[in-house]
Amino acid sequence: MQTKLSVSVLSADLANLAAQSRAALDAGADMLHIDVMDGHFVPNISYGAPVLKCLHKALPDAFYDVHLMIEDPAFYAKDFAAAGADLITVHLEAEGVRKDPKAVLQAIHDLGCKAGLSVRPGTPVEELFPYLDQVELVLIMSVEPGFGGQSFLPQTSQRLAAVRAELERRGLSVMVQVDGGVNTQTAPLCTQAGADVLVVGSAFYNAPDMSAMAAGIHAL
Ligand code: DX5
Ligand code: ZN
């Protein structure tokens with residue numbers, strides 16, 4: 001199947017969020033990646049459900065891939081679902097997830113959204129394995145979450161490969177997403193290791209030709 005591109009609008013000009021999101025879709029983005037940061041789970045604050053609600057109103061047909069880097073995603077998931085999220089990804093390390101990840105994933109499904117589970121670079125990917133049959137997507141962070149524009153961590157390739165091997169071993173159809181420092185150099189490393197959804201932020205918005213970048217990723 002074709003590699004999918006989820007554009008992180010964290011790197012867009014946020015004063016022109018709708019136009020910059022439209023540009024990503026017109027260039028060929030398959031999803032819009034919405035990075036939500038609460039200043040606790042990560043040392044940065046981005047935007048919340050009201051921003052997604054406005055963006056969804058402006059661009060109702062886009063697929064909204066919402067990455068919650070927040071401590072209590074179970075409490076806020078309903079707001080993001082109501083605002084237009086199609087997929088909600090939570091972190092295994094978040095305070096409100098680690099006690100009972102299955103309940104949080106079930107709550108996301110009950111809201112009518114696809115569910116994703118993510119780990120920081122320092123968390124062994126094996127910790128995801130008990131939940132692989134409860135998600136539509138796993139997200140392997142290739143930078144420490146919190147900021148766009150960081151460098152891809154090289155150990156990501158073997159982490160992606162380990163997840164892909166486990167999914168194949170169990171015959172599970174789950175998307176494998178990678179997020180952070182993905183650009184034209186690192187994208188092939190990700191797909192070779194088994195990723196099939198690439199999140200691209202700064203490299204996309206800085207690309208001289210966004211359509212060419214999207215086409216390059218689709219061709220991997
Ligand atoms: C990092 C975010 C990423 C980030 C990706 O915490 O989850 O989605 O915006 O940005 P780049 O592609 O610039 O690393
Ligand atoms: Zn992200």
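Because the structure is predicted, anything quoted here is derived from the model rather than measured.

Asks: Before we move on, could you go through the overall build of the protein and cite the residues and values that matter?
Replies: Check the secondary structure of the protein and you find nine helices and eight strands. For 220 residues, the compact-globule formula gives about 17 Å, and the C-alpha radius of gyration of the protein, at 16 Å, lands near that figure. When the 220 residues of the protein are sorted by exposure, 53% land in the buried category. For the protein, restricting intrachain contacts to residue pairs at least 6 apart in sequence, the fraction spanning at least 24 positions comes to 64%. Approximately 9400 Å² of the protein is accessible, and the part contributed by carbon and sulfur atoms is 52%. Taken as two groups, the 14 positive and 25 negative side-chain charges of the protein have centres that lie 4 Å from each other.

Asks: Would you mind going over the pairing of strand β4 (residues 87-91) in detail, with residue names and values included?
Replies: Counted residue by residue, β4 has five buried out of five residues, so it is predominantly covered. Of the two faces of β4, the one lined by L87, T89 and H91 and the one lined by I88 and V90 are each fully buried. Judged from the three bridges that link them, strand β3 (residues 64-69) and β4 form a sheet pairing that is parallel. When the sheet's bridge partners are listed, D65 is paired in β4 with L87. Between β3 and its parallel partner β4, the chain crosses via helix α3 (residues 73-83), and the hand of that crossover is right-handed. Direction of pairing for β4 relative to strand β5 (residues 114-119): parallel, over a ladder of five bridges. By the bridge assignment, H91 is partnered in β5 with S118.

Asks: Describe the site of ligand 1, and please don't skip the residues or the numbers.
Replies: Neighbouring ligand 1 are 20 residues; D35, G146, G149, D179 and S202 lie closest to it. Here H67 contributes a side-chain N or O atom positioned 3.3 Å from an oxygen atom of ligand 1. Within the backbone of G146, one N or O atom sits 2.7 Å away from an oxygen atom of ligand 1. Among the detected pockets, ligand 1 sits in the largest pocket. Tallied by class, the residues present in the shell around ligand 1 amount to eight nonpolar, ten polar and two charged.

Asks: I'd like to hear about the packing of aromatic side chains, residue by residue, with values.
Replies: The description of an aromatic ring pair rests on the distance of the ring centres and on the angle between the ring planes. The tally for this structure, following the rule as stated, stands at two aromatic pairs. Geometrically, the ring pair formed by F75 and Y76 is edge-to-face, given 4.9 Å between the ring centres and 85 degrees between the ring planes. Its end group placed over the ring of F75, K78 keeps NZ or CZ at 4.5 Å from the ring centre. The positively charged end of R120 is found above the aromatic ring belonging to F41, 4.2 Å away from the centroid.

Asks: Please provide a residue-by-residue account of the coordination of the zinc ion (ligand 2), values included.
Replies: Those donors, H33 (NE2), D35 (OD), H67 (ND1) and D179 (OD), are the protein atoms that reach the zinc ion (ligand 2), and they lie 2.0 to 2.3 Å from it. The site at the zinc ion (ligand 2) holds six donor atoms, and with the angles between them running 69 to 169 degrees, its shape is octahedral.

Asks: Tell me about the side chain of D35, and please be specific about residues and values.
Replies: Assignment of secondary structure puts D35 in strand β2 (residues 31-37). Put simply, D35 is tucked away with no salt bridge, and the nearest opposite charge, on R120, sits 12 Å away. Of the polar contacts made by the side chain of D35, one reaches the side chain of H33; its length is 2.9 Å. What D35 contacts, discounting residues up to four positions off in sequence, is S8, L10, S46, Y47, H67, M69 and D179.

Cut-offs used in this document
Residues numbered from 1 in each chain as written. Chains lettered and ligands numbered in written order. Predicted model: local features only at pLDDT ≥ 70, side-chain atom pairs only at ≥ 80, totals over all residues. Heavy atoms only, no water. Helix = DSSP H or I, 4+ residues; strand = E, 2+ residues; numbered from the N terminus. Rg over C-alpha atoms; globule rule 2.2 N^0.38 Å. Buried < 20%, exposed > 50% of the residue type's maximum accessible area, 1.4 Å probe, protein only. Contact = heavy atoms within 4.5 Å. Areas by Shrake-Rupley, 256 points an atom, 1.4 Å probe, with all protein chains shown as cover. Lys, Arg positive; Asp, Glu negative; His and termini not counted. Charge placed at Lys NZ, Arg CZ, Asp CG, Glu CD. Pairing = 2+ DSSP bridges. Right-handed = clockwise from strand over helix to strand, strands pointing away. Near = heavy atom within 4 Å. Polar contact = N/O pair within 3.5 Å; in protein donor to acceptor, adjacent residues only side chain to side chain. 1 Å grid on protein atoms, 1.4 Å probe; cavity = no way out; pocket = protein on both sides within 12 Å on 5 of 7 lines; lining within 4 Å. Sits in = over half its atoms within 2 Å of the grid points. Nonpolar A, V, L, I, M, F, W, Y, C, P; charged D, E, K, R; others polar. Phe/Tyr/Trp six-rings, centres within 6.5 Å; stacked < 30°, edge-to-face > 60°. Lys NZ or Arg CZ within 6 Å of the ring centre and 35° of its normal. Donors = N, O, S within 2.8 Å, 3.2 Å for Na, K, Ca; no water. Tetrahedral: all angles 85-135°; square planar, octahedral: opposite > 155°, others 65-115°. Salt bridge = Lys/Arg side-chain N within 4 Å of Asp/Glu carboxyl O.

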